[in-house]
Amino acid sequence: MLHNKKTWLLMFFAAFVSQAHAEVIVILPETGPMARAATSIKHGFLSAYAQSNHKTPIKFVNSDQQNMKSIFRQHVGKKTEMVVGPLARQDVEEVMKLNPKVKVLALNEVGAEAKNVIQFSLSKQDDAGSMVDVLQKDNITDLLVLRQNGREADTELYYISLVSQFGHRVEPIQTLPAKLKKGQGLMLMGDSAWLNQLGKLPKRGVYAQAIAIEENKAIPEGLTFCDVPALYEHQWNDVYHAYLQKPEPMPYQRLIAFGGDAWMLTEQYVLNPAIQDFRLKGRTGDLTAQGDRIKRNVHCYQKTKRSLVVLK
């Protein structure tokens, strides 16, 4: 009996020591052209981490002007429970070529796949997929698309994803239509200032990409859009806390929410190393983990005369 007691004490001590020395490595570009985006992700990540009461230490590594092979060799070892990042697509591709033994939550998506690398991003494909669900529920079979001149680079991926997933007629147009026929929808792709100078819009069947929504700017009545739920539903105190520390425009608020979800996913994988397929209510959407990818189903909203209504 005494021997068994000593054995359990030794096992407990070994587990405690192992846990005390374990850590999560977060690889982000803290300097360089992607630093501002990475800072917002970091704020969201740390804010969610602080409110989770999780004790695993977090170590941040600057990836700017460094190759992944060198970073992994220097910072990733036996005590590393998980790696979060990198952010740049080329860095994610480089990590995949390393065939890491530790689980990696990459913060971007690429075409390749690799064992132990899970891809998570603010994918335009996911955003467009949620919009397509709304179009189908509204029985839209003919979609007219009006894009802002000069913002084509910001709308191209969303446009391509929308066309590939919609399954019905998509027609680019150059001017605002006077009215919409039955089964027609109007998709507006541009910023808030452009949207609000278009003039009177139809009260139904009008949709927009999320880049048209800006803080403290008017949203036309009847407009439907899909976006990161943490910006509108205010259920995540950590996102609000991170925003208060450093107020940012909406594109960076989305990244704060993204960082919070990155920690939430990390915690799931650290606490349950064998976990594979699962679902979570996230700040950036309803998250579904399937294999090597985290899919987001973002929430959609419609502006009514009095308020903003959640559609999904």
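Attention here is on the structure that accompanies the text.

What counts and what doesn't
- Residues numbered from 1 in each chain as written.
- Predicted model: local features only at pLDDT ≥ 70, side-chain atom pairs only at ≥ 80, totals over all residues.
- Heavy atoms only, no water.
- Pairing = 2+ DSSP bridges.
- Helix = DSSP H or I, 4+ residues; strand = E, 2+ residues; numbered from the N terminus.
- Axes fitted to C-alpha atoms, helices over the stretch in contact; angles between N-to-C directions.
- Contact = heavy atoms within 4.5 Å.
- Disulfide = S-S within 2.5 Å.
- Buried < 20%, exposed > 50% of the residue type's maximum accessible area, 1.4 Å probe, protein only.

1. Things to note about the sheet that holds strand S7 (residues 169-173)
Backbone-to-backbone hydrogen bonds pair the strands of a sheet. The strands run either parallel or antiparallel.
Consideration 1: Ordered in space as S7-S6-S8-S9-S10-S14-S15, the 7 strands form an open sheet in which the pairing is mixed. Edge positions in the open sheet fall to S7 and strand S15 (308-310), since each of these has one partner strand only. Direction aside, the axes of adjacent strands within the sheet are offset by 30° on average.
Consideration 2: Taken together, the 3 bridges between strand S14 (residues 299-303) and S15 define a ladder with antiparallel strand orientation. Of the residues in S15, the one forming a bridge with Tyr 301 is Val 310.
Consideration 3: Here helix H5 (residues 124-137) sits on the sheet in contact with strand S6 (142-147), strand S8 (184-189), strand S9 (206-208), strand S10 (224-227) and S14, set at roughly 150° to S10.
Consideration 4: Its contacts with the sheet put helix H6 (residues 152-166) on S6, S7 and S8, and the angle it makes with S6 is roughly 175°.

2. As for the state of the cysteines
Consideration 1: All told, the structure shown has 1 disulfide when counted by the stated rule.
Consideration 2: Residue Cys 226 pairs covalently with Cys 300 via a disulfide, S to S 2.0 Å. Handedness of the Cys 226-Cys 300 disulfide follows from its S-S torsion of about 95°: it is right-handed. Highlighted residues: Cys 226 in strand S10 and Cys 300 in strand S14, separated in sequence by 74 residues. The exposure classification of Cys 226 matches that of Cys 300, with both residues buried.

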